[in-house]
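This is what each chain is made of:
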Protein chains: 2
Amino acid sequence: MRAGQDGSLDPTAMTVAIDAMGGDHAPGAIVEGALAARAELGCSILLVGDEAAIKEHLPGGAVPVGVEILATTEVIAMADEPSAAVRKKKDASVVRAAEAVRDGRAHAMVGAGNTGATMAAALLRYGRIRGVARPAIGVPIPVPFAQPHILVDGGATVDCKPEWLVQFAEMGRAYARLRLGVDEPTVGLLSNGEEPGKGDALRKETFKLLDGQPWFVGNVEGRDLMSGHPHVIVTDGFTGNIALKTVEGALKAAAGLVFTTLGAPEAKAAADVVAPLLLQGVTDYLDPDTIGGAALLGVDGVCVISHGSSSARAIVNAVRLATDCVAGGFVERMRDAIVGDDITEPTREEAHAG
Amino acid sequence: MRAGQDGSLDPTAMTVAIDAMGGDHAPGAIVEGALAARAELGCSILLVGDEAAIKEHLPGGAVPVGVEILATTEVIAMADEPSAAVRKKKDASVVRAAEAVRDGRAHAMVGAGNTGATMAAALLRYGRIRGVARPAIGVPIPVPFAQPHILVDGGATVDCKPEWLVQFAEMGRAYARLRLGVDEPTVGLLSNGEEPGKGDALRKETFKLLDGQPWFVGNVEGRDLMSGHPHVIVTDGFTGNIALKTVEGALKAAAGLVFTTLGAPEAKAAADVVAPLLLQGVTDYLDPDTIGGAALLGVDGVCVISHGSSSARAIVNAVRLATDCVAGGFVERMRDAIVGDDITEPTREEAHAG
């Protein structure tokens with residue numbers, strides 16, 4: 001069965017293909033997370049990668065019930081140029097994971113390796129949904145004490161046209177319904193001011209196309225990130241990547257300031273009380289391992305991208321998101337969201353894939 | 001004497017024009033800050049704005065020695081369209097402040113009102129430095145326990161050409177020498193990955209033009225913001241504004257998480273110890289009122305822009321930056337930085353100014 005074709009599936013009836021070789025802590029943390037996901041969610045797991053390396057991390061070297069290995073001989077490294085690597089390394093774990101979904105052997109894939117290669121593998125092996133101009137990454141932006149925003153595009157498509165951003169908004173809404181459980185998600189256009197006239201040429205054109213939609217709240221600013229409003233924040237993949245990583249840099253700097261301050265001798269006793277509470281808050285609301293992976297929107301299947309330094313817990317949460325997407329009819333939702341659009345043209349990856 | 005023409009000036013020999021009507025807390029906080037700057041730095045102050053409103057905030061309604069009022073009848077509001085407002089409201093406080101610098105009545109101006117209008121007033125009344133294609137804002141990005149980065153452009157020029165970004169880098173270095181006291185400031189190009197091939201079309205072209213400069217460290221990412229390296233981060237005004245305000249949003253959210261956690265009943269006693277230490281760290285390193293204003297680079301005079309919610313302390317720091325710029329030969333430094341460049345073309349504001 002094709003991933004996402006049946007919205008009624010239960011996780012126990014699903015198989016998730018996992019790129020066992022992708023990520024800073026692969027394959028150890030990935031295999032550990034896969035086994036935990038199997039135990040916790042009940043889904044079957046297809047571990048894709050170097051068989052010997054994977055077995056080293058299986059208790060007693062034995063493949064447990066509900067887990068299979070798809071043996072591959074190649075790996076795409078973090079430093080590899082994504083599209084070229086996907087074209088050349090046809091037996092790469094991430095490529096075979098995408099093929100397993102395409103061929104109906106798995107319902108969804110999860111990858112924590114080279115993000116560009118994971119996207120390219122899904123794009124080229126799944127194909128795009130008919131009518132989708134460009135894929136986009138839907139990434140959660142953390143919000144303390146609340147649900148995350150969905151930022152679209154987190155980095156899939158760097159040079160965008162206005163009508164592509166409109167599709168990102170439509171797909172972002174469809175995804176937010178599933179991911180956040182909100183019936184009518186609101187969408188803002190990330191710009192350099194709230195007024196309608198603000199923005200560069202791309203934003204001004206996009207604003208005109210979105211204006212009048214009941215769910216469009218207008219321009220939002222960088223300072224609205226992490227506020228929880230609106231549900232979906234739309235931007236091109238270049239700006240989205242900058243915003244996403246700026247959040248990361250700012251939170252890291254803030255954490256440095258807080259924990260350095262707590263490390264002062266006069267704060268010792270108080271820090272013993274406060275530090276665990278703060279760490280709990282960080283874990284609950286700011287830790288990417290908790291808030292979960294990103295989803296590739298616009299391709300004809302479910303592909304969840306987890307960050308490079310994913311722990312076993314991050315993998316469990318990524319597999320959970322993947323099964324939620326399959327159960328929630330992710331692909332049909334995207335298809336329905338862009339009905340009437342017909343702005344397809346080949347991407348650079350597709351044009352080069354031959 | 002023209003602002004910045006004499007690098008040997010002492011603050012006590014300088015006059016700083018201040019837009020008394022600009023900012024959320026104007027004119028009260030502005031006048032208070034102006035008097036404090038006069039007392040602390042010894043410079044003369046030209047308060048530009050509604051005379052009666054200014055006098056209400058002067059002790060006893062009397063204008064003290066070293067302070068003058070330049071009476072004006074119009075104000076540009078935060079919501080006004082900047083360029084149009086500068087063209088129409090010829091007696092606006094911010095316009096007259098810029099004219100005072102142009103006409104040699106003051107050495108520098110400080111404004112905390114409508115940022116676009118402050119920039120437009122400086123651009124149109126000072127004019128650009130010969131050879132500068134577009135102005136840019138040099139904004140400090142805070143770094144805990146260290147000097148800030150200088151982000152260029154923080155929002156002056158949203159649609160950029162590659163060679164304009166090269167000038168932003170050159171002017172950013174000249175400004176960082178003065179602002180950070182660093183002899184050879186390093187420059188990074190803000191992009192969506194560190195590898196040379198990363199970026200949208202604008203970044204890829206700009207990278208080629210910067211590549212080979214000994215001070216160019218290559219692409220930097222959003223997560224490098226607030227790390228302290230490199231000294232100068234170059235981007236277009238659209239992306240710069242997003243990055244700057246994303247830092248603001250993320251720090252606000254982090255502060256919310258920390259202080260909500262400290263507000264829990266079980267943390268009460270510890271919070272009484274820790275909260276003042278944390279607030280001190282925030283005040284020292286993250287508070288915009290402390291880290292100071294932004295400078296408009298590329299115009300033929302000194303214009304310091306303080307944020308809209310500036311307190312009296314923010315105004316003192318903005319005036320200090322203005323006097324530092326004049327004393328340090330700000331305009332000559334910019335002129336020297338772009339020697340050999342000749343890519344001047346009229347800006348939209350200039351073309352419309354008639």
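In this text the structure is predicted, and so the values were computed from the model without any measurement.

*Asks:* For this particular structure, what's the right way to read the sheet that holds strand S4 (residues 108-111) of chain B?
*Replies:* Hydrogen bonds along the backbone pair up the strands of a sheet, which may run parallel or antiparallel. All names here are of chain B. Read from one edge to the other, the open sheet built from 11 strands follows the order S3-S2-S1-S4-S11-S10-S5-S6-S9-S7-S8, with strand pairing classed as mixed. Looking at the sheet topology across the chains shown, the edges are occupied by strand S3 (67-71) and strand S8 (216-220). Neighbour to neighbour, the strand axes of the sheet diverge by 25° on average, direction disregarded. Sheet analysis places strand S5 (residues 136-141) next to strand S6 (residues 149-152), joined by four bridges and oriented antiparallel. Bridge pairing links Pro 140 to Ile 150 in S6. Against the sheet, helix H4 (residues 93-102) engages strand S1 (15-19), strand S2 (44-49), S3 and S4, with an angle of about 165° to S1. Of the strands in this sheet, S1, S4, strand S10 (294-297) and strand S11 (302-305) are in contact with helix H11 (residues 312-327), which crosses S4 at around 155°.

*Asks:* What should I look at first to understand the interface of chain A and chain B in this one?
*Replies:* Interface extent is often summarised as the accessible area lost during association of the parts. The interface of chain A with chain B comprises 47 residues on the first partner and 47 residues on the second. Secondary structure elements with two or more residues in the side of chain A that touches chain B: helix H8 (237-262) and helix H9 (268-285) of chain A. Tallying contributions element by element places H8(A) first for the side of chain A that touches chain B, with 20 residues. When its residues are assigned to classes, the side of chain A that touches chain B shows 28 nonpolar, 12 polar and seven charged.

*Asks:* Help me out: how do you make sense of the domain arrangement of chain A in this one?
*Replies:* All names here are of chain A. Assigned domains of chain A: these are domain 1 (1-130 + 298-354) and domain 2 (136-292). Just the C-alpha atoms count here: the centres of domain 1 and domain 2 sit 24 Å apart. Each partner contributes to the interface: domain 1 provides 21 residues, whereas domain 2 provides 15 residues. Top contributing element to the side of domain 1 that touches domain 2 by residue count: helix H11 (residues 312-327), with six residues. Among the residues making up the side of domain 1 that touches domain 2, the classes are represented as 11 nonpolar, six polar and four charged.

*Asks:* Explain the packing of H8(A) against helix H9 (residues 268-285) of chain B here, please?
*Replies:* Packed helices, taken two at a time, are described by their axes: the angle between them and the distance between them. Contact geometry for H8(A) and H9(B): axes closest at 10 Å, N-to-C directions at 135°. Between H8(A) and H9(B), the crossing angle belongs to the class labelled oblique. When you trace H8(A) past H9(B), the crossing you get is right-handed. Between H8(A) and H9(B), the residues in contact are Leu257(A), Val258(A), Thr261(A) and Leu262(A) and Val274(B), Leu277(B), Leu278(B), Gly281(B) and Tyr285(B), respectively. Residue composition of the contact of H8(A) with H9(B), grouped by class: seven nonpolar, two polar and no charged.

Scoring rules and cut-offs
- The numbers attached to residues start from 1 for each chain and follow its sequence in the written order.
- Following the order in which they are written, the chains are lettered starting with A and the ligands numbered starting with 1.
- With the structure being a predicted model, the display of local features is reserved for residues of pLDDT at least 70 and the display and counting of side-chain atom pairs for 80 or more, all residues being used for whole-chain, interface and lining totals.
- Strands are labelled as partners when DSSP assigns at least two bridges between them.
- Put simply, DSSP marks the helices as runs of H or I at least four residues long and the strands as runs of E at least two long, and each gets a number from the N terminus on.
- Every axis in this analysis is a line fitted to C-alpha atoms, fitted for helices over the stretch in contact. Angles between the N-to-C directions lie between 0 and 180 degrees.
- Here the contact rule is simple: place C-beta atoms from the backbone, and any two residues whose C-beta atoms are within 7 Å are in contact.
- Amino acid classes used here: Ala, Val, Leu, Ile, Met, Phe, Trp, Tyr, Cys and Pro are nonpolar; Asp, Glu, Lys and Arg are charged; the rest, including Gly, are polar.
- Annotation comment: domain bounds sourced from an automatic or database domain assignment.
- Small angles under 35 degrees read as roughly parallel and large ones over 145 as roughly antiparallel, with 65 to 115 read as roughly perpendicular and the rest as oblique.
- It is the rotation of the near helix from the far one that decides the hand of a crossing: anticlockwise by less than a right angle makes it left-handed, clockwise makes it right-handed.

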